[in-house]
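# Notes for the structure review
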Amino acid sequence: MAAIKVHGSPLSTNTLRVLAAVYEKELDHEFVLVDKSAGEHKKEHFLSTHNPFGQVPAFEDGDLKLFESRAITRYIACEYADKGTQLIYQDSKKMAITSVWMEVEGQQYEQIAAKLAWELVYKPLLLGMSADKAIVEENEPKLAKVLDIYESRLAQSKYLGGDCFTLADLHHLPTLHYLFGTQVKKLFDSRPHVSAWIADITARPAWLKALAALQSQQ
Amino acid sequence: MAIRKLYGTLGSPDTIRALASIFEHELDFEFIPIDLNAGEHKTESFLSLSPFGLVPVYQDDGLTLFESRAIMRFITHYYLKPGTELVYEVPKLQGIAATWIDVEDHQFSPPAEKLRQELVDKAKKGLPMDKEVVAEAEAKLIKVLDVYEERLTHSKYLGGDRFTSADLTHLPYLYHLMGTPVKQLFEERPNVSTWCKDILSRPCWSRVVEMVEKDKV
């Protein structure tokens, strides 16, 4: 039985985020399916054992229990620094820049991207409802402004954190994946550096394995 | 070595977060106020430091950083002082602290920020609060504080048995909310109340408060 367990759900971008890191690090692990449609994540056992906020993913490594996908990926990157892909910098100052762009993903990008993904992907898929046009029209320009800043940044360095692929790039993969199947794709395609960066990171073998692994759970 | 600089706004919780980290590590620095009302954060020169126009910005040893939690993490790891570190160097213990840093970010801050806007900001501007928004935010905050109450039965601080950035990162919103009726939600939970009193009474935090209060005058 693997010491590492990822508790998660299909279609969960947060679960995908952790799986992406697990596969980049080539870690033996067990995936434990959390049945959100049955409300498993809100039941007493899950709340008291895995995540008191009733969200996926949750993570175990031996006795260690963690939640919050970006805390889990940071742990994986540090604890398994010697395995697989380097996902953080050991040098404090280089890591500081990566840390800035990790915050940008979480604070500036994710909220807008998640709103668009909800309207354009999840609502049709899960609820059979169509997107709220007003919300889409409000958030597309906001995402465009964020991507303009990414375009400038990626004109200066190959990846968001610097010369190497790190968690700052990896954290974007899940919502990018979902938005690429929607009208929002044009915002990425029309920015050459952003477009090249996306083509690069979405072609990574570990990412493709993570996607396949989660899709096989559906 | 060039002097450390913090560009910020003392009314901003993010600026106060960075200040807390700087004072905890006893770093000399120069504070450069940025006037948000005058649109100073939208000028070319500021945007060249902080492309999203965000305060605070921190400069240190050739680095320019924005996003307060990134600044906090950098200072915590760069200025390790044995015996007073705000971080665990063992990855497993640091992983636990990192979880609670993200809990503050994703669970605590959203309702706390809404309450700050309604009960602190609007009051300053002489505007009435939106009672529905306040009630909704309070209900969310209660759920979060119930989780904290349970967590703090297992450890003295959120990140473990010592004060870390997982606790420090809460100080800005605690500071604002303790001056409002929301204070009661913290006081009526014994573990949360003890934890709040403990971290708010740290000497370095008092220096931040002094700096913020002086600016209000």
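On a predicted model such as this, the values are computed, not experimentally measured, just so you know.

## Considerations on the UniProt feature "domain: GST C-terminal" (unreviewed entry) in chain A
UniProt tags residues 91–218 of chain A as "domain: GST C-terminal" (unreviewed entry). Spanning residues 91–218 of chain A, this segment combines 77% helix with 0% strand, and its end C-alpha atoms are found 40 Å apart.

## Comments concerning the UniProt feature "domain: GST N-terminal" (unreviewed entry) in chain A
Residues given the UniProt feature "domain: GST N-terminal" (unreviewed entry) here are residues 2–84 of chain A. Helix makes up 35% of residues 2–84 of chain A and strand 20%, whereas the separation of the span's terminal C-alpha atoms amounts to 18 Å.

## Focus: the sheet that holds strand β2 (residues 30–33) of chain B
Residue and element names in this part refer to chain B. Taken in spatial order, the four strands line up as β2-β1-β3-β4 in an open sheet, and their pairing is mixed. Looking at which strands have only one partner, the edges of the open sheet turn out to be β2 and β4 (63–66). Across this sheet, the average inter-strand angle for adjacent strands is 15 degrees, counted without regard to direction. Relative to strand β3 (residues 57–60), strand β1 (residues 5–8) runs antiparallel, the two being bridged by three bridges. Looking across to β3, one finds that L6 is bridged to Y58. Contacts from helix α1 (residues 13–24) reach β1, β2 and β3 within the one sheet, and its direction differs from that of β1 by about 160 degrees.

## Brief notes about the packing of aromatic side chains
Scanning the model with the defined rule gives 23 aromatic pairs over all chains in all. When the ring of F52 of chain B is compared with that of F66 of chain B, the centres are 6.2 Å apart and the planes differ by 50 degrees; the resulting orientation is tilted. Highlighted residues: F52 of chain B in the loop between α2 (44–49) and β3 and F66 of chain B in strand β4, separated in sequence by 14 residues. Among the residues examined, F52 of chain B registers a relative accessible area of 17% and is labelled buried. With centroids separated by 6.5 Å and ring planes inclined at 65 degrees, the aromatic side chains of F108 of chain B and F186 of chain B adopt a geometry described as edge-to-face. In this pair, F108 of chain B is assigned in helix α4 (residues 91–124) and F186 of chain B in helix α8 (residues 183–187), connecting sequence segments 78 residues apart. Clustering of aromatic rings is evident, with ring pairs tying together F53 and F67 of chain A together with W100, F108, Y148, F186 and W195 of chain B. Lying over the aromatic face of F165 of chain A, R204 of chain A brings its terminal NZ or CZ to 3.7 Å of the ring centre. Here the basic side chain of R202 of chain B rests over the ring of F163 of chain B, its NZ or CZ set 3.6 Å away from the ring centre.

## Overview of the interface of chain A and chain B
Each side of the interface is counted separately: chain A has 28 residues, and chain B has 30 residues. Summed over both sides, the interface of chain A with chain B buries roughly 2600 Å², with 67% coming from carbon and sulfur. For chain A, the biggest contributors to the area lost against chain B are F53, E68 and K93 of chain A; these three give 22% of the whole. Seen at the junction of chain A and chain B, the total is three salt bridges. A salt bridge links E79 of chain A to K92 of chain B; the shortest N-O distance between them is 3.6 Å.

What counts and how
- Residues numbered from 1 in each chain as written.
- Chains lettered and ligands numbered in written order.
- Predicted model: local features only at pLDDT ≥ 70, side-chain atom pairs only at ≥ 80, totals over all residues.
- Heavy atoms only, no water.
- UniProt positions renumbered as here; feature names shortened; annotations may be inferred.
- Helix = DSSP H or I, 4+ residues; strand = E, 2+ residues; numbered from the N terminus.
- Pairing = 2+ DSSP bridges.
- Axes fitted to C-alpha atoms, helices over the stretch in contact; angles between N-to-C directions.
- Contact = heavy atoms within 4.5 Å.
- Phe/Tyr/Trp six-rings, centres within 6.5 Å; stacked < 30°, edge-to-face > 60°.
- Buried < 20%, exposed > 50% of the residue type's maximum accessible area, 1.4 Å probe, protein only.
- Lys NZ or Arg CZ within 6 Å of the ring centre and 35° of its normal.
- Buried area = accessible area lost by both parts, 1.4 Å probe.
- Salt bridge = Lys/Arg side-chain N within 4 Å of Asp/Glu carboxyl O.

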